[in-house]
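Structural characterization, general
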Amino acid sequence: MGLADLIAIPNIVVRLKAPEKVGDKVLGPKPNVWCEFHQSFGHTLDLCLALGYQLDDLVKSGFLNDYLLEKRTGGASSSQPTSSDGQ
């Protein structure tokens, strides 16, 4: 799951503070690179500091634990037994 997928989840979207509209202002050194969070050019979503700070707060509060756990385990629930003999 990438950042674009993460910020599209309704439970996460409602906890993110939308950045101010900047019009045509370029927010970084790369005028041809789009940031989905700012809806502006200048940097990639992966390098967006504003989004990074907000996601960091959600991680610290424990809100993103389920999403982080899902990524670490490959999306499989740890409560489901797995068979090593192929059955």
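Here is a short report on the structure shown in this document. What you see is a predicted model; the values in this text were computed from it and never measured.

1. A few points about the overall build of the chain
Helix and strand content of the chain: four helices and two strands. Ordering the α and β elements of the chain from the N terminus gives α-α-β-β-α-α. When burial is assessed residue by residue, the chain has 22% of its 87 residues classed as buried. Total accessible area on the chain is roughly 6,600 Å²; 54% of this is exposed by carbon and sulfur atoms.

2. Structural notes on the packing of aromatic side chains
Enumeration according to the criterion identifies one aromatic pair in this entry. Residues Trp-34 and Phe-41 carry aromatic rings whose centres are separated by 4.8 Å and whose planes lie at 70 degrees to one another, so their mutual orientation is edge-to-face. Take Trp-34: its relative accessible area is 34%, and that puts it in the partly exposed class. Owing to a relative accessible area of 37%, Phe-41 belongs among the partly exposed residues under this scheme.

3. Regarding the state of the cysteines
One pass over the full model with this rule turns up zero disulfides. Considering cysteine sulfurs only, Cys-48 is the nearest to Cys-35, which forms no disulfide, with 3.8 Å between them.

4. A few points about the side chain of His-43
Counting through the fold element by element, His-43 comes out in the loop between strand 2 (40-42) and helix 3 (49-60). Setting aside residues up to four positions removed in sequence, His-43 forms contacts with Leu-27, Lys-30, Val-33, Trp-34, Cys-35, His-38 and Cys-48.

5. Focus on helix 3
Between the first and last C-alpha of helix 3 there are 16 Å, a value that for 12 residues agrees with the 16 Å anticipated at 1.5 Å per step. The complete set of buried residues in helix 3 reads Leu-51, Gln-54, Leu-55 and Leu-58. Viewed end-on, helix 3 has its buried residues packed into an arc of 100 degrees, placing them on one side of the element. For helix 3, exposure combined with an orientation more than 90 degrees from the buried face picks out Leu-49, Tyr-53 and Lys-60. Each element contacted by the buried residues of helix 3 is listed here: helix 1 (3-6) and helix 2 (10-13). Backbone geometry just downstream of helix 3 places Gly-62 in the positive-phi region, at approximately 90 degrees.

6. Quick word on the nonpolar core
In terms of nonpolar packing, the biggest core is built from 14 residues, with Ile-12, Leu-16, Phe-37, Leu-51 and Leu-55 touching the most fellow members. With three residues, the top contributor of residues to this core is helix 3. Apart from the residues lying within four places of it in its own chain, the contact partners of Leu-51 are Ile-7, Leu-16, Phe-37 and Leu-45.

7. A short note on a nonpolar patch on the surface
Residues Val-26, Trp-34 and Phe-41 make up a contiguous nonpolar surface patch of roughly 250 Å² in combined accessible area. With respect to the helices and strands, the residue Phe-41 is situated in strand 2.

Thresholds, definitions, all that
- The numbers attached to residues start from 1 for each chain and follow its sequence in the written order.
- Local features in this predicted model are restricted to residues of pLDDT 70 or higher, and side-chain atom pairs are both shown and tallied only at a pLDDT of 80 or more, whereas totals for entire chains, interfaces and linings draw on every residue.
- With hydrogens and water stripped out, all remaining heavy atoms of the structure feed into the side-chain values.
- Numbering of helices and strands runs from the N terminus; a helix is a DSSP stretch of H or I covering at least four residues, while a strand is a stretch of E covering at least two.
- Throughout this description, buried means an accessible area under 20% of the type-specific maximum (1.4 Å probe, protein chains only), exposed means over 50%, and partly exposed covers the range between.
- What sets the accessible areas is the Shrake-Rupley method with a 1.4 Å probe; for residues, cover comes only from the shown protein chains.
- A pair of Phe, Tyr and Trp rings is counted when the ring centres sit within 6.5 Å of each other, with Trp represented by its six-membered ring. The angle between the planes then sorts it: under 30 degrees is stacked, over 60 is edge-to-face, the rest tilted.
- We call a pair of cysteine sulfur atoms a disulfide when they lie within 2.5 Å.
- Two residues qualify as a contact provided that any one of their heavy atoms is within 4.5 Å of a heavy atom in the partner residue.
- Expected span of a helix: the number of residues minus one, times 1.5 Å.
- When we speak of the arc, we mean the arc of directions from the helix axis to the C-beta atoms.
- What we call a nonpolar core is a set of buried Ala, Val, Leu, Ile, Met, Phe, Trp, Tyr and Cys residues that are connected through their side-chain atoms within 4.5 Å.
- Without a salt bridge and with relative accessible area above 30%, a residue can belong to a patch; like charges are then joined within 9 Å and nonpolar side chains (Val, Leu, Ile, Met, Phe, Trp, Tyr) within 5 Å.
- One speaks of a salt bridge when a side-chain nitrogen belonging to Lys or Arg is within 4 Å of a carboxyl oxygen belonging to Asp or Glu.

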